[in-house]
Amino acid sequence: MDKLDKLMTPEEFYIQYLKSLGKGNEFSSGNFIVDKFGDSPEMADELLEPVLSGLKTATCSALWEWEREGGEIPKPGLISVIVDGKNEPRCIIETIEVTLKNYNEVDAAFARDEGEGDLSLDYWREAHKRFFTRTLPAIGREFRDDMPLVCERFKVVWK
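Heads up: these notes are all about the structure in this document. (Residues numbered from 1 in each chain as written. Predicted model: local features only at pLDDT ≥ 70, side-chain atom pairs only at ≥ 80, totals over all residues. Heavy atoms only, no water.)

### Structural notes on helix α2 (residues 10–20)
- The set of residues buried in α2 consists of Pro10, Phe13, Tyr14, Tyr17 and Leu18. Down the axis of α2, the smallest arc covering the buried residues is 145°, so these residues share one side.
- Here the buried face of α2 lies against β1 (33–35), β3 (79–83), β4 (89–102) and β5 (148–158).
- One or two positions beyond α2, positive phi appears at Gly22, with a value near 75°. (Buried < 20%, exposed > 50% of the residue type's maximum accessible area, 1.4 Å probe, protein only. Helix = DSSP H or I, 4+ residues; strand = E, 2+ residues; numbered from the N terminus. Arc of directions from axis to C-beta. Contact = heavy atoms within 4.5 Å.)

In structure tokens:
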């Protein structure tokens, strides 16, 4: 991606994606969301790299966060403009699968598809336990082994 691309807004980035599909006249701001991985600019950049390389094809979040925000959980077909730590658009992903699982039900295949650390389930569990232990108190919750997660698989459709 050249420097000019990085200066695009997420909306302009999405319009470029539509134009690449021959659908430039079908823009609607309700057709996509803008999102980033993690809870800090550094984490957004760190988790974006394996997405761009194709290593990371899954992510998860606490169902409690969705309930607190009052939003619907993602559904297959959701299009997301993914931004980096500077809120600059870097790629577009499409959600292809969403399952609800408890933290202690996540398996090695999902952990590998999250593309983090050494790709093992042990690494996934420790990293996510640290993440949720740090972030859940902000919504009045605490990490639990049986906490419900929204587990998403996605594919990069444009970068």
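### So, unusual backbone geometry
- For Asn87, which is not a glycine, the phi torsion comes out positive at approximately 65°.
- When its relative accessible area of 45% is taken as the criterion, Asn87 is described as partly exposed.
- Its identity is not glycine, yet Leu119 carries a phi of approximately 70°, on the positive side.
- Tracing the backbone shows Leu119 in the loop between α5 (108–113) and α6 (121–135).

### Quick word on the pattern of salt bridges
- Scanning the model with the defined rule gives nine salt bridges in all.
- A salt bridge links Arg90 to Asp84; the shortest N-O distance between them is 3.8 Å.
- Assessed through its relative accessible area of 15%, Arg90 is described here as buried.
- Judged by relative accessible area, Asp84 falls into the buried class, the value being 6%.
- Close ionic contact of Arg130 with Glu126 constitutes a salt bridge, the shortest N to O distance being 3.7 Å. One end of the pair, Arg130, and the other, Glu126, are both in helix α6, four residues apart, so they sit about a helical turn from each other. (Salt bridge = Lys/Arg side-chain N within 4 Å of Asp/Glu carboxyl O.)

### Topic: the nonpolar core
- Among the nonpolar cores identified, the biggest contains 17 residues, and Cys60, Val106, Trp124, Phe132, Met147 and Leu149 are the most heavily contacted of them.
- In terms of residues, this core owes the most to one element, α6, which gives four residues.
- If we skip the residues at most four places from it in the chain, Val106 touches Lys101, Ala111, Leu121, Trp124, Arg125, Leu149 and Cys151. (Core = buried A, V, L, I, M, F, W, Y, C linked by side-chain atoms within 4.5 Å.)

### With respect to the pairing of β3
- Extensive coverage of β3 is indicated by the burial of five of its five residues.
- Judged by which residues are buried, β3 turns out to be covered on both faces: Ile79, Val81 and Val83 on one side and Ser80 and Ile82 on the other are all buried.
- Judged from the three bridges that link them, β1 and β3 form a sheet pairing that is parallel. Residue pairing across strands places Ile33 opposite Ser80, the latter belonging to β3.
- Note that β3 and β4 share five bridges and pair antiparallel. Considered in β4, the bridge of Val81 is made with Ile92.
- What sits between the antiparallel neighbours β3 and β4 is a turn of five residues, in which Asn87 has the positive phi angle 65°. (Pairing = 2+ DSSP bridges.)

### Side note on the sheet that holds strand β2 (residues 58–62)
- Read across the sheet, five strands follow the order β1-β3-β4-β5-β2 without closing on themselves; strand pairing throughout is mixed. Each edge of the open sheet carries a strand with a single partner, namely β1 and β2. Averaged over all pairs of adjacent strands, the angle between strand axes in this sheet comes to 40°, irrespective of strand direction.
- Along the sheet, α2 contacts β1, β3, β4 and β5; its crossing angle with β4, the most-contacted strand, is approximately 90°.
- α6 contacts β2 and β5 of the sheet and is inclined by roughly 40° relative to β2. (Axes fitted to C-alpha atoms, helices over the stretch in contact; angles between N-to-C directions.)

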